[in-house]
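# Understanding the architecture of this molecule
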Amino acid sequence: MLIDTRAWVEKQLSTGERLEGVVPLRGGWTSEMSRLDLRGPAGRRSLVLRSFVKPFFVRHAEGLLNREAAVLTLLGDTDVPAAALVAVDATARHCARPSLLMSLLPGTVRVDDQAAGERAALLARQLLRIHRVPVPERSRPRAYQAWTSPERVSPPENTRRPKLWRRAVGVIRREPPPYRGCFLHRDFHPGNVLFSGDGAGLRISGVVDWVETSWGPADLDVAHCATALALLHGVPEGMRFADLYAAGGGTLEEDPGAHLHWRLLDALAFAPDAEKVAVPWRELGRTDLTPGILTQRLEDYLEALLERYG
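Here is a short report on the structure shown in this document. Treat the numbers as computed from the prediction; the structure is a model and nothing was measured.

### A few points about the packing of helix H8 (residues 256-267) against helix H10 (residues 291-309)
Two quantities define a packed helix pair, namely the angle between the helix axes and the distance between the axes. Between H8 and H10, whose axes approach to 10 Å, the crossing angle comes to 170°. Judged on the interaxial angle alone, H10 and H8 are roughly antiparallel. Every residue of H10 that contacts H8 at Pro256, Gly257, His259, Leu260, Arg263, Leu264 and Ala267 is listed here: Leu298, Tyr301, Leu302, Leu305, Leu306 and Tyr309. Along the lines of polarity and charge, the residues of the contact of H8 with H10 split into 10 nonpolar, two polar and one charged.

Here you go:
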């Protein structure tokens with residue numbers, strides 16, 4: 001840890017506490033995550049430090065980290081298992097890099113295929129609870145932002161299905177359908193959820209990474225998790241996630257065309273090869289997720305969406 005950041009962290013500690021160790025955490029894509037191990041009069045505890053290092057996220061850090069800080073404060077009075085905010089330095093006024101300090105949540109990120117179906121059911125129920133978080137109108141986060149557009153979609157260079165891509169892009173060329181807004185995580189997927197236990201004791205112990213929190217259609221949050229599941233575990237897992245969400249009591253667009261818009265708006269943002277998400281997944285052991293497999297799964301997923309909802 002750099003000297004300036006360490007000094008800032010130590011100012012946030014309780015009287016008599018000291019920093020004993022810094023352990024890098026795996027699985028992050030937008031930022032560097034570290035576990036800070038502390039010892040003090042009350043015993044041991046750990047915090048988590050998020051620091052932005054990539055130029056794009058450093059440029060936007062003030063908005064992203066201040067939004068996350070506000071969301072963590074909001075969620076403190078809910079049943080959503082989010083970290084507790086300790087401190088934030090969104091402009092790197094005190095730290096070497098824009099940073100946020102928060103409590104450590106229990107559990108681990110699990111992206112293996114074993115018990116993927118059981119985890120998906122828990123993910124659907126957790127996402128529904130997030131969407132039901134009551135937010136006063138004055139405290140609503142920003143409106144959702146689309147992460148792609150027809151002009152920005154880049155099909156795989158050697159695709160054998162150009163008509164599929166043209167058809168999918170054609171759907172998002174239309175005006176976005178009207179929607180009833182709710183509180184969105186906006187980046188809800190298996191890499192941002194912590195699990196503990198196994199078998200009958202399997203449960204979600206934490207939801208992390210609230211920098212993209214938005215106000216928008218529930219279908220868009222469902223779409224993002226569904227795309228990730230399709231890439232991680234295969235198209236059938238991605239296709240059934242919306243059904244799991246609805247079975248748990250969630251409300252999605254009744255118009256298939258409207259639902260398709262949100263599903264494709266998300267999936268097309270992963271083109272051309274989904275390497276964006278695959279890098280941290282491979283660090284967590286999913287070395288089988290080669291660019292070729294991810295590209296095929298993405299194309300198969302687009303085709304399945306168009307067949308079911310188109």
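We are not done yet, so read on.
### Things to note about the pattern of salt bridges
Tallying each qualifying case throughout the model produces 20 salt bridges. Notably, a salt bridge pairs Asp198 with Arg110, separated by 3.3 Å at the nearest N-O pair. With Asp198 in the loop between strand E7 (193-196) and strand E8 (203-207) and Arg110 in the loop between strand E5 (99-103) and helix H4 (116-131), this pair connects stretches of sequence that are 88 residues apart.

### Here we look at the packing of aromatic side chains
Counting across every chain of the model gives six aromatic pairs. Among the aromatic side chains, those forming a connected cluster through ring pairs are Phe52, Phe56 and Phe57. Across the ring face of Trp147, the terminal group of Arg186 is positioned such that the distance to the ring centre comes to 3.8 Å.

### As for the packing of helix H5 (residues 162-173) against H8
Direction vectors running N to C along H5 and H8 enclose 115°, while the axes themselves pass 9 Å from each other. With respect to the hand of their crossing, H5 and H8 are arranged in left-handed fashion. Between H5 and H8, the residues in contact are Ala168, Val171 and Ile172 and Leu260, His261, Leu264 and Leu265, respectively. Residues belonging to the contact of H5 with H8 are distributed by class as follows: six nonpolar, one polar and no charged.

The rules we used
Every chain is numbered independently, its residues counted from 1 as its sequence is written. Two thresholds apply to this predicted model, a pLDDT of at least 70 for residue-level local features and 80 or more for giving and counting side-chain atom pairs, whereas whole-chain, interface and lining totals are computed over all residues. Side-chain numbers here rest on the full set of heavy atoms in the structure, without hydrogens or water. Fitted lines through C-alpha atoms give the axes, limited to the stretch in contact for helices. The angle between two N-to-C directions lies from 0 to 180 degrees. Starting at the N terminus, helices and strands are each numbered in turn, a helix being any DSSP run of H or I of at least four residues and a strand any DSSP run of E of at least two. Angles are sorted into four bins: roughly parallel if under 35 degrees, roughly antiparallel if over 145, roughly perpendicular if 65 to 115, and oblique for all others. Contact definition: two residues touch when any of their heavy atoms are within 4.5 Å. Polarity classes work like this: nonpolar for Ala, Val, Leu, Ile, Met, Phe, Trp, Tyr, Cys and Pro, charged for Asp, Glu, Lys and Arg, and polar for all others, with Gly in that last group. Definition used for salt bridges: Asp or Glu carboxyl oxygen within 4 Å of a side-chain nitrogen of Lys or Arg. What counts as a ring pair is set by centres within 6.5 Å for rings of Phe, Tyr and Trp (its six-membered ring), and what kind of pair is set by the plane angle: stacked under 30 degrees, edge-to-face over 60, tilted for all other angles. Cation placement over rings: the criterion is NZ of Lys or CZ of Arg within 6 Å of the ring centroid and within 35° of the ring normal. It is the rotation of the near helix from the far one that decides the hand of a crossing: anticlockwise by less than a right angle makes it left-handed, clockwise makes it right-handed.

All we've got here are geometric facts, nothing functional implied.
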